[in-house]
Amino acid sequence: MFATIREAKPFMEKAGITINSKITYPFFYECKIDKEKIIFSISGIGISMARKCTVELIKRYTIQHVYNIGISGTINDKLYVNDLYCVSKALYWQSSNRQTFPCKAEFFDKKKHVTLATCIKPVFDSELRKEIAAYADIVDMEGAAIAEICDSNSITCTLIKGVSDGAYKGERKTLFENIDLLSKRMSTLIWNNLFKDK
């Protein structure tokens, strides 16, 4: 599951998936890779779209494992821009109880397992960044919704996040400069680990 066509493009190229840029979200495409049936999906941006996509995905198909691949901002100064991480737990930043939802952290050793805070809008603010950093390592706009729905339906989910920026004021430009390279690296990681014979 991807949030945008831009993030999904490298995976689509590997899988031979061609879609119209004017798709309706959430978008689902059923195909086989290495004899494995997969449901390729693009949710659209934000919590409500990610939740809608995950709910519909589970209703329409028999799902064993959901993989979400997307960009994020780091709020932990020990993490690096343009690096990849795997989420071990996710939370909604705007939720008052800070409940976390479990994710399957794989492909990396523990030093690259992170906590994700999902926000209703992008974080490009030094003070907000510092506040959220007490609870999480990275921020995005979809992950916790996917983790919550999967957890409530006893479905395993893995969230792979590429860090596009440091979540500081003025770094929106940095996000757009890094998104294509990160999307390619994330898709290669997923492809090489899940479809090794291709």
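See the structure printed just above.
Sequence order sets the numbering: in each chain, residues are counted from 1 along the sequence as written. Side-chain atom pairs in this predicted model are given and counted only at pLDDT of 80 or more, local residue features only at pLDDT of at least 70, and totals for whole chains, interfaces and linings cover all residues. The side-chain figures draw on all heavy atoms in the structure; neither hydrogens nor water molecules are used.

**Points about the packing of aromatic side chains**
Point 1. Ring pairs shown here join Phe, Tyr and Trp side chains whose ring centres sit within 6.5 Å, with only the six-membered ring taken for Trp; geometry is labelled stacked below 30 degrees between planes, edge-to-face above 60, and tilted in between. Using the criterion set out here, one finds 10 aromatic pairs in the structure.
Point 2. With a centroid separation of 6.4 Å and 55° between ring planes, the pair formed by Phe11 and Phe195 is classed as tilted. On the criterion of sequence distance, the pair formed by Phe11 in helix 1 (residues 5–15) and Phe195 in the segment after helix 5 (172–194) is long-range, its members being 184 residues apart.
Point 3. In textbook terms, an aromatic cluster arises when at least three aromatic residues are bridged by ring pairs, as seen for Phe2, Phe11, Phe40, Trp191 and Phe195.
Point 4. It is Arg98 that lies over the ring of Trp93; its NZ or CZ is 3.9 Å from the centre. Each helix is a run of H or I in the DSSP string that is no shorter than four residues. Each strand is a run of E no shorter than two, and both are numbered from the N terminus. Criterion for a charge above a ring: Arg CZ or Lys NZ at most 6 Å from the ring centre, at most 35 degrees from the ring normal.

**Digging into the packing of helix 2 (residues 47–60) against helix 4 (residues 143–152)**
Point 1. For helices, the fitted axis covers only the stretch in contact; all axes are lines through C-alpha atoms, and the angles between them, taken along N-to-C directions, range from 0 to 180 degrees. Packing of helix 2 against helix 4 leaves a shortest axis separation of 8 Å and a crossing angle of 30°. By the angle between their axes, helix 2 is roughly parallel relative to helix 4. Of the two elements, helix 2 crosses helix 4, and the hand of that crossing is right-handed. Every residue of helix 4 that contacts helix 2 at Ile47, Ala50, Arg51, Thr54, Val55 and Ile58 is listed here: Ala145, Ile146, Glu148, Ile149 and Cys150. Roughly parallel means an angle under 35 degrees; roughly antiparallel, over 145; roughly perpendicular, 65 to 115; everything else is oblique. Crossings are classed by handedness, with left-handed meaning an anticlockwise turn of the near helix from the far one by less than a right angle and right-handed meaning a clockwise turn. Should any heavy atoms of two residues lie within 4.5 Å, those residues are considered in contact.

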